[in-house]
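This is what each chain is made of:
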2 protein chains.
Amino acid sequence: MSAMNAFYAQSGGVTAVINASACGVIETARKNKDRIANVYAGRNGIIGALTEDMIDTNRESASTIAALMHTGGGAFGSARYKLKGLEENRAEYERLIEVFAAHNIGYFFYNGGNDSMDTAHKVSQISKRMGFPVTCLGVPKTVDNDLPITDNCPGFGSVAKYVAVSTQEAALDVASMAETSTKVFVLEVMGRHAGWIAAAGGLAGSEPGDAPHIILFPEVPFNKAAFLKRVKFCVQNYGYCVIVVSEGAAYKNGKFLAEAGTRDAFGHAQLGGVAPVVAGMVRDNLGYKYHYAVADYLQRSARHIASATDVKQAYAVGKAAVEFALKGHTAVMPVIKRKSDKPYRWTIEKAPLSRIANKEKMLPKKYITKDGFGITEACRRYLSPLIKGEDYPPYVNGLPKVAKLKGISVKPKLHKKFVV
Amino acid sequence: MSAMNAFYAQSGGVTAVINASACGVIETARKNKDRIANVYAGRNGIIGALTEDMIDTNRESASTIAALMHTGGGAFGSARYKLKGLEENRAEYERLIEVFAAHNIGYFFYNGGNDSMDTAHKVSQISKRMGFPVTCLGVPKTVDNDLPITDNCPGFGSVAKYVAVSTQEAALDVASMAETSTKVFVLEVMGRHAGWIAAAGGLAGSEPGDAPHIILFPEVPFNKAAFLKRVKFCVQNYGYCVIVVSEGAAYKNGKFLAEAGTRDAFGHAQLGGVAPVVAGMVRDNLGYKYHYAVADYLQRSARHIASATDVKQAYAVGKAAVEFALKGHTAVMPVIKRKSDKPYRWTIEKAPLSRIANKEKMLPKKYITKDGFGITEACRRYLSPLIKGEDYPPYVNGLPKVAKLKGISVKPKLHKKFVV
């Protein structure tokens with residue numbers, strides 16, 4: 001079997017460790033030059049394949065590729081771009097295969113979440129039907145931690161660590177000031193549908209009375225009266241109240257708290273920001289002085305406080321994807337299999353993309369305390385190992401040093417422009 | 001001279017390194033047991049003195065005191081509580097001296113910002129007049145970096161590092177997604193009057209086109225047309241635009257942007273949040289997809305990414321305060337004197353509290369670029385050494401380990417309750 005090229009693309013919202021997966025893919029491919037001649041990386045994800053705009057990773061030095069391990073963001077550019085169903089947009093799939101064929105690309109590594117696994121799955125099927133079978137591997141990545149089968153998703157452990165550390169730090173701050181100043185602090189975190197990230201805030205405390213005192217999950221319908229009662233209880237008993245709220249927190253009827261009628265000067269419904277809504281409720285009903293933070297991209301990009309476990313796993317799934325591909329597996333994704341909680345032991349297995357695509361793993365009920373405001377011991381056992389270990393980037397002049405890619409383009413071979 | 005006790009209090013908003021100053025005070029006092037028998041720390045700052053609620057630091061082990069070096073928040077509790085003028089509230093000053101006298105407190109170390117330096121100054125004068133002269137030392141602390149004379153203020157370097165690192169990280173994220181997703185990212189940082197913290201965001205980039213592309217300082221009147229023009233230019237030329245905005249950004253007439261007419265569902269003017277206002281302007285006028293983060297307390301409490309320079313200086317000013325006191329100086333504050341930028345060399349001198357109290361140091365004009373949206377090379381030279389070095393706390397189970405004080409109270413000696 002003569003060597004073919006591989007195509008690697010980053011997809012969807014980036015994470016602090018997605019480049020560690022890229023590193024795993026590229027370094028492993030480089031060790032198998034006889035099978036994979038080059039890894040072409042899509043500039044801006046799958047769009048780079050469609051527009052024949054690919055980065056020649058063979059032109060990057062070993063040290064640059066190694067530096068991807070500690071570089072945040074998506075080094076090759078990612079994209080929020082979902083290929084439609086085959087019936088709706090056959091042209092896109094055909095173009096993809098055409099580009100793959102032109103560049104002798106026999107391997108497709110797609111680094112993303114649910115949607116991307118669906119795409120990788122479809123590409124594997126279509127390429128076969130079109131007579132140019134491509135080995136398609138998913139490489140899991142999502143801060144949302146909502147992919148099924150895998151124990152967790154690379155990217156999540158680092159957000160979880162950021163949120164747990166930030167909650168602990170802010171709580172120390174608020175606790176020391178509460179006598180005369182802020183009594184209620186609200187931290188808004190990501191998670192539109194699943195409360196995994198919010199749950200991670202719960203790791204900041206372990207004793208009764210420890211912050212965070214309240215977590216608002218998307219999985220638990222918001223009960224304003226119960227919430228306010230609990231805030232009041234915390235302030236009266238602990239002197240302050242720290243709240244971690246998921247952006248997806250919603251009422252029983254499904255309406256997001258963030259849509260709760262806040263309007264700007266022009267009367268536009270104000271987008272985003274569940275934290276000010278929750279804080280406003282506290283102010284209007286209890287009158288406590290409050291502060292709120294919206295972590296937004298800071299949480300998912302925080303490579304400086306990445307979890308060492310997460311970095312290792314992100315690399316491992318990239319490496320395993322290449323190894324599975326070379327063993328002839330296709331339409332699969334490496335998954336992390338937990339073997340024990342304490343000590344935390346895990347291994348990499350594989351699962352068919354068909355079982356992963358378009359499925360969401362929510363926070364199970366047993367991970368949420370009965371009152372709906374906290375995490376259980378079972379949840380703590382699950383989450384705790386994922387934030388373990390610090391994997392600090394190197395610093396220059398007080399700032400993290402990041403990989404600087406040459407980013408040299410692969411020469412296009414098709415003389416047709418494709419507009420996405 | 002027989003040994004007396006010292007009173008130490010934390011004041012105002014806490015910082016990531018205020019406890020390092022406490023450590024400097026206590027460890028240095030412990031080395032001089034013949035002069036300072038014990039350091040009593042005010043529970044919740046100066047309120048602890050007024051209510052005779054003080055923590056006996058002699059009851060804390062050497063390792064607990066050492067652990068203050070890497071513990072965020074204010075370990076003894078801080079307070080937003082300003083003693084009024086002597087004429088308005090003589091009773092408070094008299095009570096303070098009464099408590100000091102009852103507990104044989106001959107030294108007062110007040111760890112705070114402008115207001116606290118004013119208080120320390122007044123206490124030094126009043127105690128003398130009342131016949132119980134107390135040696136009063138200020139210990140500088142403020143994330144706002146607005147104290148005069150001193151090169152910088154302990155607490156600031158760590159916020160500056162947090163903001164610079166976070167800006168760099170979020171920029172990597174946005175840059176990699178901008179082709180198909182968010183094009184404008186807004187990070188709101190602290191600084192009601194002075195733009196030091198916002199300026200620190202500027203350290204994230206150094207080449208033209210690097211993020212942050214726009215900084216909005218309180219010192220520069222906001223010009224909406226010029227701002228929008230610049231955002232558009234950045235998106236068109238660099239593909240994205242990262243904005244760091246100070247909470248104190250204001251119009252020419254002094255009105256804060258954050259007050260720009262946003263109202264909640266009840267018609268209340270919405271408090272806080274300049275980031276959504278700025279982001280909303282971008283949306284309404286340019287239509288770009290945006291995200292925003294509000295760092296709030298996360299920035300000032302982020303001990304996990306504290307600047308090593310800052311930690312060292314915070315300890316040094318605490319230590320120097322005790323040393324100055326033992327040399328007989330009173331009504332002074334240790335100040336940091338910069339001796340060179342590169343390599344960064346500094347030493348500790350002293351300045352009279354009268355020259356520091358109630359004065360604010362704004363960002364000088366020469367630190368802001370002509371267009372008002374960036375920092376100059378001079379500013380970079382000033383800021384850069386302050387964020388240098390990483391001083392990581394120890395971790396247990398993925399979370400920073402913090403000092404746990406016994407917090408044993410000093411037995412009250414006065415049989416009069418004082419209500420603050």
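See the structure shown above.
Criteria and cut-off values
Residues numbered from 1 in each chain as written. Chains lettered and ligands numbered in written order. Predicted model: local features only at pLDDT ≥ 70, side-chain atom pairs only at ≥ 80, totals over all residues. Heavy atoms only, no water. Helix = DSSP H or I, 4+ residues; strand = E, 2+ residues; numbered from the N terminus. Rg over C-alpha atoms; globule rule 2.2 N^0.38 Å. Buried < 20%, exposed > 50% of the residue type's maximum accessible area, 1.4 Å probe, protein only. Contact = heavy atoms within 4.5 Å. Least-squares fit on C-alpha atoms with pLDDT ≥ 70 in both. Expected span 1.5 Å × (residues − 1). Right-handed = clockwise from strand over helix to strand, strands pointing away. Pairing = 2+ DSSP bridges. Core = buried A, V, L, I, M, F, W, Y, C linked by side-chain atoms within 4.5 Å. Buried area = accessible area lost by both parts, 1.4 Å probe. Salt bridge = Lys/Arg side-chain N within 4 Å of Asp/Glu carboxyl O. Polar contact = N/O pair within 3.5 Å; in protein donor to acceptor, adjacent residues only side chain to side chain. Nonpolar A, V, L, I, M, F, W, Y, C, P; charged D, E, K, R; others polar. Disulfide = S-S within 2.5 Å. Axes fitted to C-alpha atoms, helices over the stretch in contact; angles between N-to-C directions. Parallel < 35°, antiparallel > 145°, perpendicular 65-115°, else oblique.

**Student:** Just checking my understanding: could you explain the overall build of chain A for this structure?
**Tutor:** The number of helices and strands found in chain A is twelve helices and 13 strands. At 23 Å, chain A has a C-alpha radius of gyration in line with the 22 Å of a compact globule built from 420 residues. The 420 residues of chain A split such that 63% are buried. Put simply, 77% of the contacts in chain A that link residues at least 6 apart link residues at least 24 apart.

**Student:** Would you mind going over the relation of the copies chain B and chain A with me for this structure?
**Tutor:** Relating the two copies of this chain is a rotation about some axis coupled with a shift parallel to it. Placing chain B over chain A gives an RMSD of 0.0 Å and needs a rotation angle of 180°, together with 0.0 Å of translation along the axis. As the rotation angle and translation indicate, the two copies are arranged about a two-fold axis. Closest approach to the rotation axis within chain B is made by the C-alpha atom of V294 of chain B, at a distance of 2.4 Å. Taken together, the interface assignments show that 100% of the residues at the interface of chain B recur at the interface of chain A, consistent with an identical surface on both copies.

**Student:** Whenever I open this one, helix 1 (residues 18-30) of chain A confuses me. Can you help?
**Tutor:** Think of an α-helix as 3.6 residues a turn; residues three or four steps apart then line up on the same face. All names here are of chain A. Over its 13 residues, helix 1 extends 19 Å from the first C-alpha to the last, a length consistent with the 18 Å expected when each residue adds 1.5 Å. In terms of burial, helix 1 is largely enclosed, as eleven of its 13 residues are buried. Inspection of helix 1 places I18, N19, A20, S21, A22, C23, G24, V25, I26, T28 and A29 among the buried residues, and these make up the whole buried set. The inward-facing, buried residues of helix 1 abut strand 1 (4-10), strand 2 (36-42), helix 3 (62-67), strand 4 (105-112), strand 5 (135-140) and helix 11 (308-326).

**Student:** Can you walk me through the pairing of strand 1 of chain A in this structure?
**Tutor:** Consecutive side chains along a regular strand alternate between the two faces of the sheet. All names here are of chain A. Burial runs high along strand 1: six of the seven residues are buried. Between the parallel elements strand 1 and strand 2, the chain passes through helix 1 in a crossover that is right-handed. Two strands pair when backbone bridges link them, and strand 1 and strand 4 are joined in this way by six bridges, in the parallel orientation. Its bridge partner being in strand 4, N5 is matched across the sheet by I105.

**Student:** Which parts of the structure should I look at to understand the nonpolar core?
**Tutor:** It is characteristic of soluble globular proteins that their nonpolar side chains tend to be buried jointly. Counting residues in each nonpolar core, the largest one holds 160 residues, and the members touching the most others are F109 of chain A together with F109 of chain B. Once you skip the residues sitting within four places of it in the chain, F109 of chain B turns out to touch A6, F7, Y8, A9, V25, L137, V139, A321, V322 and A325 of chain B. Judged by nonpolar contacts, the second largest core, of 56 residues, contains V186, L228, I243 and L257 of chain A.

**Student:** For this particular structure, what's the right way to read unusual backbone geometry?
**Tutor:** As a rule of thumb, non-glycine residues mostly have phi less than zero, and peptide bonds are mostly trans rather than cis. All names here are of chain B. Residues A211 and P212 are joined by a peptide bond in cis, for which omega reads -5°. If you trace the backbone, P212 turns up in the loop between helix 7 (196-201) and strand 7 (214-216). Here the amide bond leading from K342 into P343 is cis, since omega sits at 5°, within 30 degrees of zero. Relative to the helices and strands, P343 resides in the loop between strand 10 (332-340) and strand 11 (345-352). The phi angle at I149 is positive, at roughly 70°, despite the residue not being glycine. Among the secondary structure elements, I149 is positioned in the loop between strand 5 (135-140) and helix 6 (156-177). With a relative accessible area of 38%, I149 lands in the partly exposed category. A positive phi angle is found at A331, which is not glycine, with a value near 55°. Judged by its relative accessible area of 15%, A331 is buried.

**Student:** Sorry if this is basic, but what is going on with the pairing of strand 11 of chain B here?
**Tutor:** Residue and element names in this part refer to chain B. In terms of strand pairing, strand 10 meets strand 11 through eight bridges, oriented antiparallel. Looking across to strand 11, one finds that R338 is bridged to W346. From the end of strand 10 to the start of strand 11, which pair antiparallel, there are four residues.

**Student:** Explain the interface of chain B and chain A here, please?
**Tutor:** The extent of an interface is frequently quoted as the accessible surface area lost upon association of the parts. Between chain B and chain A, the residue contacts involve 76 residues of the former and 77 residues of the latter. Counting the surface lost from both chain B and chain A, the interface buries some 6100 Å², and carbon and sulfur atoms represent 55% of this. Among the residues chain B hides against chain A, the three largest losses belong to E169, Y297 and L298 of chain B. Together they make up 11% of the total. Linking chain B to chain A there are two salt bridges. A salt bridge links D173 of chain A to R300 of chain B, with the shortest nitrogen-to-oxygen separation between them at 2.6 Å. Linking chain B to chain A there are 24 residue pairs in polar contact (both at pLDDT 80 or more). By residue number, the principal contributor to the side of chain B that touches chain A is helix 6 of chain B, which donates 13 residues. Its residues placed into classes, the side of chain B that touches chain A shows 35 nonpolar, 26 polar and 15 charged.

**Student:** So what exactly am I meant to see when it comes to the pattern of salt bridges here?
**Tutor:** Any two side chains of opposite charge can pair, given that their charged atoms come close. Residue and element names in this part refer to chain A. Tallied over the entire structure, the rule returns 28 salt bridges over all chains. Measuring nitrogen to oxygen at the nearest pair gives 3.9 Å for the salt bridge that ties E247 to R192. Pair noted here: E247 is in the loop between strand 8 (241-246) and helix 9 (274-286) and R192 is in the loop between strand 6 (184-189) and helix 7 (196-201), with a separation of 55 residues, a long-range link. Overlapping salt bridges, with partners in common, bring together D151, R338 and D341 in one network.

**Student:** Help me understand the side chain of S176 of chain A in this model?
**Tutor:** When you line up the elements, S176 of chain A lands in helix 6 (residues 156-177). Engagement of the side chain of S176 of chain A in a polar contact is seen with the backbone oxygen of L172 of chain A, the distance being 3.0 Å. In this structure the side chain of S176 of chain A is engaged in a polar contact, spanning 2.8 Å, whose partner is the backbone oxygen of D173 of chain A. Sequence-distant contacts of S176 of chain A, that is, excluding residues within four places in its chain, are made with V14, N44, G73, G74, G77 and S78 of chain B.

**Student:** What is the right way to look at the state of the cysteines in this model?
**Tutor:** Disulfides are covalent bonds that link the sulfur atoms of two cysteine residues. Counted under the stated rule, the structure contains zero disulfides over all chains. You can see C136 of chain A has no disulfide; the closest cysteine sulfur is in C153 of chain A, sitting 20 Å from it. Not part of a disulfide, C153 of chain B finds its nearest cysteine sulfur in C379 of chain B, a span of 15 Å.

**Student:** For this particular structure, what's the right way to read the packing of helix 8 (residues 224-238) of chain A against helix 9 of chain A?
**Tutor:** The packing of two helices is summarised by the inter-axis angle and the distance between the axes. Residues and elements named next belong to chain A. Packing of helix 8 against helix 9 brings their axes to within 11 Å, and their N-to-C directions diverge by 75°. Overall, the two elements helix 8 and helix 9 adopt an arrangement that is roughly perpendicular. Contact residues: helix 8 offers K224, F227, L228, V231 and K232, while helix 9 offers V278, M281, V282, N285 and L286. Across the contact of helix 8 with helix 9, the residue classes tally to seven nonpolar, one polar and two charged.

**Student:** When you look at the packing of helix 4 (residues 90-102) of chain B against helix 5 (residues 114-129) of chain B in this model, what are you seeing that I'm missing?
**Tutor:** All names here are of chain B. The geometry of helix 4 relative to helix 5 is characterised by a closest axis approach of 10 Å and an angle of 70° between their N-to-C directions. Taken as axis vectors, helix 4 and helix 5 run roughly perpendicular relative to one another. Contact residues: Y93, L96, I97 and F100 in helix 4; K122, V123, I126 and S127 in helix 5. Classifying every residue of the contact of helix 4 with helix 5 by side-chain character gives six nonpolar, one polar and one charged.

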